[in-house]
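Observations on the three-dimensional arrangement
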Amino acid sequence: MQSVTVKEIFRETDRFLNQNIELSGWVRTVRSSKAFGFIEVNDGSFFENIQVVFEESLANFIEIGKLTISSALRVQGTLVSTPGAKQPFELKAEHIEVLSISAADYPLQKKRHTFEYLRTIAHLRPRTNTFAAVFRVRSVVAFAIHKFFQEKGYVYVHTPIITGSDAEGAGEMFKVTALDMEKPPRDDAGNVDFSKDFFGRETSLTVSGQLNVETYCMAFRNVYTFGPTFRAENSNTARHAAEFWMIEPEIAFAELKDNMNLAEEMMKYIIQYALDNAPEEMAFFNNFVDKGLFERLENILSSEFGHVTYTEAVDLLEKEKENTHFEYPVKWGIDLQTEHERYLTEKIFKKPVFVSDYPKDIKAFYMRLNDDAKTVAAMDLLVPGIGEIIGGSQREERLDILLTRMTDSGLDPEDYGWYLDLRRYGGVKHAGYGLGFERMIMYLTGMSNIRDVISFPRTANSCEF
RNA sequence: UCCUCGAUAGCUCAAUGGUGGAGCAACCGGCUGUUAACCGGUAGGUUGUAGGUUCGAGUCCUACUCGGGGAGCCA
């Protein structure tokens, strides 16, 4: 008698066919009649269920026929093939032990539920087909990302979650404090005295590991971070969360072009890895979540990403203006609106497209100033359906220009001494980008709301579970 | 934060300002190959919250809460 998983049975069927085996799992559905019945069991190891046949001869036949969904079982029996049936094989039970009976008010029914409802029972939703698929793909893709960078010799850097940098510039920050919020210590001017706080200064949760990881880039050459990120923006959209995961590679002796090449190679690697290593889950998404998914992903694997500069993009969009109505005007110097980005990637290019070399005034201080002195070596990767999935740039390595850019942006160079040191001690050209992990998962699965690709999403006005 | 739409049984949805229903789930029973199993029956409601208009409000009005879609911010 061997205890096996459903995954092993599906992957190595011949080894187990006509053998006596034992498995344990949870009831997904029971269909019973007078003298026999069927149970679909999912053991968590695999996306697919296994069908268990039970007959009158079982001592607890009546009890088995009345099992509620999500009850737990241990089944012993013979695996038999079922040619011509919907399932390839089934387990003919010789003994079924009931390990746990689920209460009758179990909220998940044998029917389709809306994603909105499932969000309210986020502790139970991984038991549904869709979320089982989402979170297995999420796990597989996290591994793929590490594998991609590790195979290239990149060093994985854990940048801090708590930061003292009060102006990373990427968004509103959550404050971290150990002070008594009821009556915090105050200075002579009546302001909260953070010198009395745990760290002796004002601190926040990180909005990006980039500035920190640049320091390791100047030591290890090629590095990446992969960790949680926090933004206290009051964003209410399907693609923003207050807590999300981000991948930030940083490469030395490299320019913007190298950065874009890396991003394209990484995207393709991840897609291929997911298709190869979660085929059942990906097929499910293609069949039930997004009918055009495979076509889209395969189109990406086999084509070069588009490249366009911001200036060219503005020209293209201005030409389209005659045929299309944009709610917001397109004009050089103004950041592209979502509708413009979507038009570029969905209508003009019909594939992922890098937009590069944005006007310096709409981008961050650390992005490298181009020779025209008007634009910076920044790049966004836009993908159909999601919009911006990657944002990156070549970093300004020239100390004098960086200082000017900081001052112009209203930042105090005093606060960035360690960052400026990188330019003083062997600073070289380097570049990097941030990939929103959840946006990648959305793109890969066709799921359209970020709340449905994070186990327990944290968004404005919502921190359940 | 702004615009817009919505909230009715456990779930998905009906109900002209005039007695709140259906399908599924639950429960009881039937059925010898089901696979969103099928067939019959039973039970299930302070119509999101708080006010208001009206003889009468699920339906009209106001505020709030939560959710969907769109926008801003961005990954």
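The notes below deal with the structure included here.

Conventions we followed
- Along each chain, residues carry numbers from 1 onward, in the same order as the chain's sequence is written.
- A letter from A marks each chain and a number from 1 marks each ligand, given out in the order of writing.
- Given that this is a predicted model, residues contribute local features only at a pLDDT of at least 70 and side-chain atom pairs are listed and counted only at 80 or more, while totals for whole chains, interfaces and linings are drawn from all residues.
- The side-chain figures draw on all heavy atoms in the structure; neither hydrogens nor water molecules are used.
- We count a stretch as a helix when DSSP gives it H or I for four or more residues in a row; a strand needs E for two or more, and each element gets its number in order from the N terminus.
- The buried label applies to any residue whose accessible area, calculated with a 1.4 Å probe on protein chains only, is under 20% of its type's maximum; exposed applies above 50%, and partly exposed to all values in between.
- The contact rule is simple, with two residues in contact once any of their heavy atoms fall within 4.5 Å.
- To measure how exposed things are, a 1.4 Å probe is used in the Shrake-Rupley method; for residues, cover is taken only from the protein chains shown.
- When charges are counted, neither His nor the chain ends are considered; positive counts come from Lys and Arg and negative counts from Asp and Glu.
- By convention, charge coordinates are those of NZ in Lys, CZ in Arg, CG in Asp, or CD in Glu.
- Between Lys or Arg on one side and Asp or Glu on the other, a salt bridge is scored when a side-chain nitrogen of the former is within 4 Å of a carboxyl oxygen of the latter.
- If DSSP finds at least two bridges between two strands, the strands pair.
- Lines fitted to the C-alpha atoms define the axes, with helices restricted to the stretch that makes contact. Angles between their N-to-C directions range from 0 to 180 degrees.
- An angle below 35 degrees is treated as roughly parallel, one above 145 as roughly antiparallel, one from 65 to 115 as roughly perpendicular, and anything else as oblique.
- Under the scheme applied here, ten amino acids are nonpolar (Ala, Val, Leu, Ile, Met, Phe, Trp, Tyr, Cys and Pro), four are charged (Asp, Glu, Lys and Arg), and all others, including Gly, are polar.
- Only a single heavy atom is needed: when it lies within 4 Å of a molecule or strand, its residue is near that molecule or strand.
- N or O atoms within 3.5 Å of each other form a polar contact, as long as, within protein, one can give a hydrogen and the other can take it, and as long as residues adjacent in sequence are counted only when both atoms are side-chain atoms.
- For this quantity, the arc is that covered by the directions from the helix axis to the C-beta atoms.

Turning next to the overall build of chain A. When helices and strands are counted, chain A shows 14 helices and 17 strands. In terms of overall dimensions, chain A has a C-alpha envelope of 85 × 60 × 45 Å along the principal axes. Looking at chain A as a whole, 49% of its 465 residues qualify as buried. Partitioning the contacts of chain A with sequence separation of at least 6, the portion at a separation of at least 24 is 67%. In the structure as shown, chain A presents an accessible area of about 22600 Å², 49% of it carried by carbon and sulfur atoms. A distance of 4 Å separates the average location of the 52 positive side-chain charges in chain A from that of its 69 negative side-chain charges.

So, on to the pattern of salt bridges. Counted according to the given criterion, the structure contains 27 salt bridges. Arg74 is the partner of Glu97 in a salt bridge, and the nearest nitrogen-oxygen pair spans 3.0 Å. Placement of Glu97 in strand β6 (residues 89-100) and of Arg74 in strand β5 (residues 72-81) is noted, with a sequence separation of 23 residues between them. According to the relative accessible area criterion, Glu97 is partly exposed, its value standing at 34%. We note a salt bridge from Asp180 to Lys183, for which the minimum N-O separation is 3.9 Å.

Further remarks concern the sheet that holds strand β13 (residues 306-309). Strand order in the open sheet made by the eight strands is β7-β11-β12-β17-β16-β15-β14-β13, with mixed pairing throughout. Each of the sheet's edge strands pairs with one partner strand only, and the pair in question is β7 (155-156) and β13. Of the pairings in the sheet, the one linking strand β16 (residues 387-394) to strand β17 (residues 430-436) comprises five bridges and is antiparallel in character. If you follow Gln394 over to β17, its bridge partner there is Ala431. The strands touched by helix α6 (residues 210-220) are β7, β11 (222-230), β12 (243-252) and β17; relative to β12, the strand with the most contacts, the crossing angle is about 30°.

Residues other than glycine seldom take positive phi values, yet Asn18 does so here, at roughly 65°. Note on placement: Asn18 falls in the loop between α2 (13-16) and β2 (20-32). Residue Asn18 is classed as exposed on the basis of its relative accessible area of 58%. The phi dihedral of Arg221 is positive, around 75°, even though this residue is not glycine.

What follows covers the sheet that holds strand β10 (residues 203-205). The strands that make up a sheet pair up through hydrogen bonds in the backbone, lying either parallel or antiparallel. The sheet built from three strands is open, its strands ordered β8-β10-β9 with antiparallel pairing. Edge positions in the open sheet fall to β8 (162-163) and β9 (175-176), since each of these has one partner strand only. Where β8 meets β10, two bridges bridge the pair, whose relative direction is antiparallel. If you follow Thr163 over to β10, its bridge partner there is Ser204.

Turning next to the packing of helix α8 (residues 279-289) against helix α9 (residues 293-302). Their axes nearest at 8 Å, the elements α8 and α9 cross at an angle of 120°. With respect to α9, the axis of α8 lies oblique. Of the residues in α9, those touching α8 at Met282, Ala283, Phe285 and Asn286 are Leu293, Phe294 and Leu297. The class makeup of the residues in the contact of α8 with α9 is six nonpolar, one polar and no charged.

Attention shifts here to the protein's contact with RNA strand B. Contacts to RNA strand B come from 48 residues, most closely from Lys86, Arg119, Thr237, His240 and Arg439. Within 4 Å of the protein, atoms of RNA strand B come from sugar and phosphate in 53% of cases. Separating a sugar or linking oxygen of RNA strand B from a backbone N or O atom of Ile389 is a distance of 2.5 Å. Looking at the surface near RNA strand B, the elements that each hand over two or more residues are β2, β3 (36-42), α4 (115-120), β12, β16 and β17.

All of the buried residues in α9 are Leu293, Leu297 and Ile300. The buried residues of α9 occupy an angular sector of 60° when projected down its axis, which confines them to one face. Across α9 from its buried face, at more than 90 degrees, point the exposed residues Glu295 and Ser302. Among the structural elements, α7 (256-277), α8 and α14 (437-445) are those in contact with the buried residues of α9.

The values are spatial; any link to function lies outside them.
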